[in-house]
Structures are given as structure tokens and as C-alpha cells.
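Inside the fold
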Amino acid sequence: MGVCIYVDGNFYTDKEKATISVYDHGFLYGDGIFEGIRAYNGRIFKLKEHIKRLYQSAVSILLTIPLAPAKIEELVIETCRRTGEKDIYIRLVVSRGKGDLGLDPRKCPKPTIIIIADKITLYPPEKYQNGVSVITSSIRRNRPDTLTAQVKSLNYLNNILAKVETYRYGADEAIMLNDEGYVSEATADNIFIIKNSNKLYTPPAYLGILEGITRGCVMELASKMGYTVIEEPFTTHDIFTAEECFLTGTGAELIPVIEIDERIIGDGKPGKHFKKLLAGYQELTRSEGVPIC
Ligand code: PXG
């Protein structure tokens, strides 16, 4: 299995050799941003969209990426090419860079750029067939006036604590609420519910969520398929009483949710709308993307 890692100008195929300084503020403070991208059958899916979001996250945290978007795109493609693989998970990270032990970002003259081209498995294959069970986490998603969830930052500790909570309950995933108690998203995925057969609901960005690229894809796909897509706040009660529920993310793709907080959703099996949307999404990942070589 081929792996390639780019770190500040160098490519490594030996994982152990790809290292950064312990003074890097990405490591010391979570001061940085990232993207998770996938390549399917030799093509990088939604590469431009991911790079655009990376630059938007950078603007938000006042980090100037020292390379142009086209150059980052080229480096992502080159890192993938060097793996010799066709199905790849790419982690693109830009941190504030090496500084001293204080917080001051002005002490970090050069951002660190890392591109990891490897594989990922988020849930075991049977979960895609049978669905996952989720809990509502006691950990709230960030308020928009703190570090907004719209920034894909290196600060994932809230999400990790929510994930830890799931294991205590023997569940697979956690749904996080915003500070007002509305459903925001899962720990690394967006959430959708289906009601009244053809209405697809997902929380709006202003509630404090990451505007997922898979989410955008599914919304567009669903509209084309004739669903009414509604971005509207909803509560856990709406999930309890939904016909179907599923999560979306680059890593997880689309995964059905069959149980939340001991309530069975619908008939407790992945629903027909989910299956239709999943097939549509898989068709897109098979037919689109930037070629690796
Ligand atoms: N919400 C959050 C909080 C996320 O971190 C998504 C939604 C889905 O976004 P995309 O653009 O991927 O549809 C994410 C995705 C992974 C992984 O391994 C993904 C994320 C974070 C950590 C791991 O897929 N972000």
C-alpha cells in the first residue's frame, strides 16, 4: 500500500521520515487548518471546492498560505501520484508554523504545509449496510462568536470529547447540539433527516456547522432528484420522529443512522431515500474529479 507525505517542499514515502518541529504552533496550540479529501479511481473528488474552503478557513484565522491555490492543487496531485494508488484519502494541513513557546503568531514566520496521501476507514463495512446508532452529546458545538465551526481548524477537542462519549454508551457516533440546543452536526459529518417522504432537512450554516462539501453535493443531488431540500434548524425530537436520518462527510461518505438515544428511526433499517441518494453520490464520485496523472 503506497503512502506519500509532502512536508514543506519534500516528499516522503516512509511515514516515519515525515516530521515537523515540536515548536510548530499547529502542534502546540492547534493553530492551523485542514482539509480531508478523497480520490476515487485515480480522480480527486471536489478538489477545487476543498482548496477554496482551505483558503476561506485561512482568511478567517488570519493565516496567509504562502502558495497560490493552483500550486497547492498541483502539490496535492503530485503527492497522490507518488503513492501509485487510485483510491486515496488526502489530509491537507496548513499550520501557523514553527514559533517559540508563546502564543504570538507573529513569531511564526512560515506556515507549515503538509499533504498526507494515505487511506482511511471510518466505520466498519457492515455499518454501511445496517446503519449506525448515535447519541446526543453533552458537548456543544462552538458558538459562532467563538472559533466558529465554519472554520475547519486543527482544534477538534470538542469533537473528540463527543466521540469519546459515544463509546461510553456503546454507540457509533455523536450528534452535537449548538448552544441553543438545536441539532448542529456529528463529530466529523453533517446530518440530514427525511420527513414527509420527499423533504430533506439539514441545519443551516449559521447555526454553527462546517459547511461540508459532501453536504453540498447531496443537497444538489437531492434537488435534481426531485426532493425539497430545506436548510432549517431542527431539534432531536425531529430526529426521533424522522422517517430517515443519515450523515455525510468526505471520510464517511453517506452513512445511515438507525437509532438515536435509544429511539429507533423509521423502521430501524437504512431507508429507500438514503439508498437512492447514496447511489447518486457514488455515481458522482465515479464520474467526476481531477485526474491524478
Ligand atoms: N462536519 C465536521 C465537523 C467535519 O469535520 C464534516 C462535517 C463533513 O465535511 P466534508 O466537507 O468532508 O463533507 C467534517 C469533515 C474524515 C474527517 O476523516 C473529516 C473531517 C474531520 C476529521 C476527519 O473524514 N471533517
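Because the structure is predicted, anything quoted here is derived from the model rather than measured.

Two side chains of opposite charge can pair, provided their charged atoms sit close to one another. Overall, the coordinates contain 22 salt bridges when judged by the stated rule. K127 is the partner of D172 in a salt bridge, and the nearest nitrogen-oxygen pair spans 3.1 Å. Separated by 45 residues along the polypeptide, D172 in the loop between α5 (157-168) and β8 (173-177) and K127 in helix α4 (residues 125-130) bring together distant segments of the chain. Of the residues examined, D172 reaches a relative accessible area of 16% and is grouped as buried. We classify K127 as partly exposed; its relative accessible area is 22%. Residues joined in a network through salt bridges with shared partners are E78, R81 and R82.

This part is about helix α8 (residues 272-287). For α8, built from 16 residues, the straight-helix expectation of 22 Å at 1.5 Å per residue is met to within 8% by its first-to-last C-alpha distance of 23 Å. For α8, the set of buried residues is H273, F274, L277, L278, G280, Y281, L284 and T285. Projection of α8 onto a plane perpendicular to its axis shows the buried side chains occupying an angular sector of 165°, all on one side. In α8, the exposed positions angled more than 90 degrees off the buried face are occupied by K272, K275 and R286.

Taking strand neighbours across the sheet as the criterion, the 7 strands line up as β2-β1-β6-β5-β3-β4-β16 in an open arrangement whose pairing is antiparallel. A strand with exactly one partner marks an edge of an open sheet, and here the two such strands are β2 (10-12) and β16 (290-291). The pairing of strand β1 (residues 4-7) with β2 spans 3 bridges and is classified as antiparallel. Residue pairing in the sheet places Y6 in a bridge with F11 of β2. Sheet strands touched by helix α2 (residues 47-60): β3 (32-40), β4 (43-44), β5 (88-95) and β16. Its angle to β3, the strand with the most contacts, is close to 175°.

Okay, the packing of aromatic side chains next. Under the counting rule described, the total for this entry stands at 7 aromatic pairs. Both rings, one in Y40 and one in F45, keep their centres 6.0 Å apart while their planes meet at 85°; by these two values the pair is edge-to-face. We classify F45 as buried; its relative accessible area is 5%. Taking 6.4 Å as the distance between ring centres and 70° as the angle between the ring planes, the aromatic pair formed by Y123 and Y128 counts as edge-to-face. For Y123, a relative accessible area of 6% gives the class buried. The structure contains a cluster of three or more aromatic residues connected by ring pairs, namely Y40, F45 and Y281. If you follow R82 out to its NZ or CZ, it ends over the ring of F11, 4.0 Å from the centre. Geometry around F240 places R263 over its ring, the cationic atom sitting 3.9 Å from the centre.

For the rest of this paragraph, the subject is the domain arrangement of the protein chain. One can read the domain layout of the protein chain as domain 1 (4-118) and domain 2 (125-287). Computed over C-alpha atoms, the centres of domain 1 and domain 2 are 26 Å apart. Listed per partner, the contact involves 24 residues of domain 1 and 19 residues of domain 2. With both sides pooled, the region where domain 1 packs onto domain 2 buries about 1,800 Å², and carbon together with sulfur makes up 61% of that total. Interface area lost by domain 1 to domain 2 is led by F34, Y40 and R53, which between them contribute 34%. Counting the contacts that link domain 1 with domain 2 gives 0 salt bridges. At the junction of domain 1 with domain 2, the criterion picks out 10 residue pairs in polar contact (both at pLDDT 80 or more). Taken together, the elements giving at least two residues each to the side of domain 1 that touches domain 2 come down to α1 (25-29), β3, α2 and β5. In terms of residue count, the dominant contributor to the side of domain 1 that touches domain 2 is β3 (8 residues).

Cut-offs applied
- Residues numbered from 1 in each chain as written.
- Predicted model: local features only at pLDDT ≥ 70, side-chain atom pairs only at ≥ 80, totals over all residues.
- Heavy atoms only, no water.
- Salt bridge = Lys/Arg side-chain N within 4 Å of Asp/Glu carboxyl O.
- Helix = DSSP H or I, 4+ residues; strand = E, 2+ residues; numbered from the N terminus.
- Buried < 20%, exposed > 50% of the residue type's maximum accessible area, 1.4 Å probe, protein only.
- Expected span 1.5 Å × (residues − 1).
- Arc of directions from axis to C-beta.
- Pairing = 2+ DSSP bridges.
- Contact = heavy atoms within 4.5 Å.
- Axes fitted to C-alpha atoms, helices over the stretch in contact; angles between N-to-C directions.
- Phe/Tyr/Trp six-rings, centres within 6.5 Å; stacked < 30°, edge-to-face > 60°.
- Lys NZ or Arg CZ within 6 Å of the ring centre and 35° of its normal.
- Domains from an automatic or database assignment.
- Buried area = accessible area lost by both parts, 1.4 Å probe.
- Polar contact = N/O pair within 3.5 Å; in protein donor to acceptor, adjacent residues only side chain to side chain.

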